[in-house]
Amino acid sequence: MKKRQQQGIHALYNKDPIAADRLLWGREADPLTRRGFLKRSSLMTMAAVLGSGIPFAHFMPQGLIPAALAQSDEPFSIEGKEGLVVLNDRPLNAETPAHLLDDDITPARHMFIRNNGVPPEQESIDPETWTLEISGEACLTPTTFTIAELKERFETHSYQLMIECGGNGRSEFAPGASGNQWTTGAVACPRFTGVRLRDVLEACGIAEDAVYIGYYGADTNISVGSDKPPISRGVPMSKALEDESLIAWAMNDEDIPWYNGYPLRLAIGGWPASVAGKWLNRIVIRNQKHDGPKMAPPSYSVPKHSVAPGTEVAEEDFETIESMPIKSLVTFPRSGVQHPLDQPLEVRGHAWAGDLAVNDVQVSIDFGATWQSASLSDAPNRLAWQRFISEVTFPEPGYYEVWARAVDSDGRSQPMVVPGWNPKGYLNNACHRIAVQVA
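Residues numbered from 1 in each chain as written. Predicted model: local features only at pLDDT ≥ 70, side-chain atom pairs only at ≥ 80, totals over all residues. Heavy atoms only, no water.

Trainee: Even after reading the chapter, I still don't get the overall build of the chain, so can you show me in this structure?
Mentor: Summing up its helical and strand segments, the chain has seven helices and 26 strands in all. Over its C-alpha atoms the chain spans a radius of gyration of 23 Å, differing by no more than 12% from the 22 Å that the globule rule assigns to 439 residues. Along the longest, intermediate and shortest principal axes, the C-alpha atoms of the chain span 75 × 55 × 40 Å. Classification of the 439 residues of the chain by burial places 54% in the buried group. Within the structure as shown, the chain displays about 19400 Å² of accessible surface, and the carbon and sulfur contribution to it stands at 48%. Charge-centre separation for the chain: the mean point of 39 positive side chains lies 8 Å from the mean point of 54 negative side chains. (Helix = DSSP H or I, 4+ residues; strand = E, 2+ residues; numbered from the N terminus. Rg over C-alpha atoms; globule rule 2.2 N^0.38 Å. Buried < 20%, exposed > 50% of the residue type's maximum accessible area, 1.4 Å probe, protein only. Areas by Shrake-Rupley, 256 points an atom, 1.4 Å probe, with all protein chains shown as cover. Lys, Arg positive; Asp, Glu negative; His and termini not counted. Charge placed at Lys NZ, Arg CZ, Asp CG, Glu CD.)

Shown next as structure tokens:
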């Protein structure tokens, strides 16, 4: 007898969310609105799995995994970290569950890990002898600095900066994209301290034809015997010269964690975290767009125009990701919480918008049919996230999902479902949602 193969709920929904609805629940939605349950038996099947009725089930979008079933509590222990979930061990990549990102300033223990190569051995790193070379064809006076010389020669600055992997949310794309299957936790907003990248570049002389910078780090390729850098990306000069772009040696007033770039890294907020190189030992000023590893499409690139899911895209039809899209994250309560019907529920989290600011955050308890605005705090500085707080009440017992939706300063709002597909699964800024059982 042929052994029957088993698939998890994520694999089923990634392959075909509509078919997964039909297979798991026998569910068919309204063909016009693509919401709700046409058969009561399908609704009862899902409700039985969730453990209670779903008061706003008629608004529930088709092909949606209930948040209560989408969450994962898989434990993983990493030195200096708490509660991170491992996605890959060579190179090491681990994300932070949403409820552990509730702090205004992300603590080091909850800072996610995104590595492309193998970090230098921790015991081999000596901050006193570590050097940073500034060179390149558009650098007028190539210079090498120690960290002590950087501290002595240039003014020190501190900024709280958004650091988010371009593939954060990749796990929700269908068909699935290759790479680490991040859910929501490849994001953080710690406080970095260092010197302005601009000050150092200007001290070394920026030629008139300079258009880009690129970085190199001390991490090595995972392929044994390869001397090719695992990653070497960069940003246009306009981004490199912003006040908030730092060469940083501290995070939250302590040494940067080893996995996050100790002893020196770039801290560049609002763009994919891949532009903020770790274990930094060289910066080049370029007279052309930087061409290091992971700069060429499809790495950190998306199609210039919308494409159908599964489409093969020619290299010339990609564009490099720059400012990240508007996004929000519910950090309290934890998804799956049980809550009494007679009490209001406080909902809080963070919102961010790449190079822009956040103008509004709204929450919904009826699958996006109606929304209420949350209280929104100002950012501590440009390129940092903003805290939102709201309070919701529930009309009757049952299964609910609290959704959050943010709007940026240009008026662009998060989509309620996964945005346009792209081959590498970048820039998913769909509304975050948590499950709440009300009794």
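Trainee: So what exactly am I meant to see when it comes to the sheet that holds strand 4 (residues 131–135) here?
Mentor: Strands pair in a sheet through their backbones, by hydrogen bonds, and they do so in one of two ways: parallel or antiparallel. Reading across the sheet, the five strands line up as 5-4-15-10-11 and stay open at both edges, with mixed pairing between neighbours. The open sheet terminates on both sides in strands that have one partner only, identified here as strand 5 (143–146) and strand 11 (234–236). The sheet shows a mean angle of 15° between the axes of neighbouring strands, direction not considered. Pairing of strand 10 (residues 212–217) with strand 11 involves three bridges; the strand directions are antiparallel. Note on strand 11: the bridge partner recorded for G214 is G234. (Pairing = 2+ DSSP bridges. Axes fitted to C-alpha atoms, helices over the stretch in contact; angles between N-to-C directions.)

Trainee: Hey, could you run me through the state of the cysteines in this one?
Mentor: By definition, a disulfide links two cysteine residues through a covalent bond between their sulfur atoms. Going through the model one piece at a time under the given rule, you end up with zero disulfides. Free cysteine C165: the closest other cysteine sulfur is in C189, separated by 16 Å. Exposure remark for C165: the relative accessible area of 5% places this residue in the buried category. Here C204 is not disulfide-linked; the sulfur of C139 is the nearest cysteine sulfur, at 5.1 Å. Residue C204 is classed as buried on the basis of its relative accessible area, which comes to 1%. (Disulfide = S-S within 2.5 Å.)

Trainee: Help me understand the nonpolar core, please; the structure alone is not making it clear to me.
Mentor: Ranked by internal contacts, the top residues of the largest apolar core, which has 50 residues, are I134, L150, L201, I247, L264, L266 and I283. Mapped by element, the contributors of at least two residues to this core are strand 2 (92–95), strand 4, helix 5 (147–153), helix 6 (197–204), strand 10, helix 7 (237–240), strand 12 (246–251) and strand 15 (280–286). Here this core gets four residues from one element, more than from any other, and that element is helix 6. The contact partners of I283, leaving out residues within four places of it in the chain, are L132, E133, I134, S135, L197, L201, I213, G214, Y215, I247 and L266. Core analysis: the next-biggest nonpolar cluster, separate from the first, contains 38 residues, A57, V361, I365 and A406 among them. (Core = buried A, V, L, I, M, F, W, Y, C linked by side-chain atoms within 4.5 Å. Contact = heavy atoms within 4.5 Å.)

Trainee: What am I meant to see in the pattern of salt bridges here?
Mentor: Once the charged atoms of two side chains with opposite charge are near each other, the side chains can pair. By the definition in use, this model includes 23 salt bridges. With a shortest N-O distance of 3.0 Å, R387 and D102 are connected by a salt bridge. Taken together, the residues span a long stretch of sequence, with R387 in strand 24 (residues 386–392) and D102 in the loop between strand 2 and strand 3 (113–114) at a distance of 285 residues. The class for R387 is buried, based on a relative accessible area of 14%. Classification of D102 by relative accessible area gives buried; the value is 15%. Residue R382 pairs with E244 through a salt bridge whose shortest N-O separation is 3.0 Å. Taken together, the residues span a long stretch of sequence, with R382 in the loop between strand 23 (375–376) and strand 24 and E244 in the loop between helix 7 and strand 12 at a distance of 138 residues. (Salt bridge = Lys/Arg side-chain N within 4 Å of Asp/Glu carboxyl O.)

Trainee: Whenever I open this one, the sheet that holds strand 1 (residues 85–89) confuses me. Can you help?
Mentor: If you walk across this open sheet you meet the three strands as 1-2-3, and the pairing is antiparallel. Two strands close off the open sheet at either side, each with one partner strand: strand 1 and strand 3. In this structure, strand 2 lies alongside strand 3, joined through two bridges in antiparallel fashion. Each residue of the ladder has a partner; that of A94, found in strand 3, is I113.

Trainee: Any chance you could explain the pairing of strand 10 here in plain terms?
Mentor: Residues in a regular strand point their side chains to alternate faces of the sheet. Taken together, the six bridges between strand 10 and strand 15 define a ladder with antiparallel strand orientation. When the sheet's bridge partners are listed, Y212 is paired in strand 15 with R286.

Trainee: Help me out: how do you make sense of unusual backbone geometry in this one?
Mentor: Excluding glycine, residues mostly have negative phi values, and the peptide bonds linking residues are mostly trans. With an omega of -5°, the peptide bond running from A174 to P175 counts as cis. Among the structural elements, P175 can be located in the loop between strand 7 (163–164) and strand 8 (187–188). The peptide bond linking Y262 to P263 adopts the cis configuration, its omega dihedral lying at 10°. Although it is not a glycine, L383 sits at a positive phi angle of roughly 75°. As for its position among the elements, L383 is in the loop between strand 23 and strand 24. A positive phi angle is found at L427, which is not glycine, with a value near 60°.

Trainee: Could you clarify how one ought to interpret helix 6 in this entry?
Mentor: Owing to its 3.6 residues per turn, the α-helix brings residues three or four apart onto one side. When helix 6 is considered as a whole, its buried residues turn out to be L197, R198, V200, L201 and C204. The arc that holds the buried residues of helix 6, viewed along the axis, is 165°, so those residues lie on one side. G205 lies just past helix 6 and shows a positive phi near 85°. (Arc of directions from axis to C-beta.)

Trainee: Quick question: what am I supposed to make of the packing of aromatic side chains here?
Mentor: The relative placement of two aromatic rings is captured by the distance of their centres and the angle of their planes. According to the stated counting rule, one finds nine aromatic pairs in the structure shown. Centre to centre, the rings of F56 and F59 are 6.3 Å apart; their planes meet at 20°, and the pair counts as stacked. Among the residues examined, F59 registers a relative accessible area of 27% and is labelled partly exposed. Look at F145 and F154: their rings are 5.7 Å apart centre to centre, the planes differ by 70°, and that puts the pair in the edge-to-face class. Among the residues examined, F145 registers a relative accessible area of 3% and is labelled buried. Ring pairs connect the aromatic residues F56, F59, F394 and Y400, which therefore count as one cluster. Lying over the aromatic face of F37, R27 brings its terminal NZ or CZ to 4.3 Å of the ring centre. (Phe/Tyr/Trp six-rings, centres within 6.5 Å; stacked < 30°, edge-to-face > 60°. Lys NZ or Arg CZ within 6 Å of the ring centre and 35° of its normal.)

Trainee: Whenever I open this one, the environment of F388 confuses me. Can you help?
Mentor: Within the fold, F388 resides in strand 24. Separated by 38 residues in the primary sequence, F388 and H350 have C-alpha atoms spaced 5.8 Å apart.

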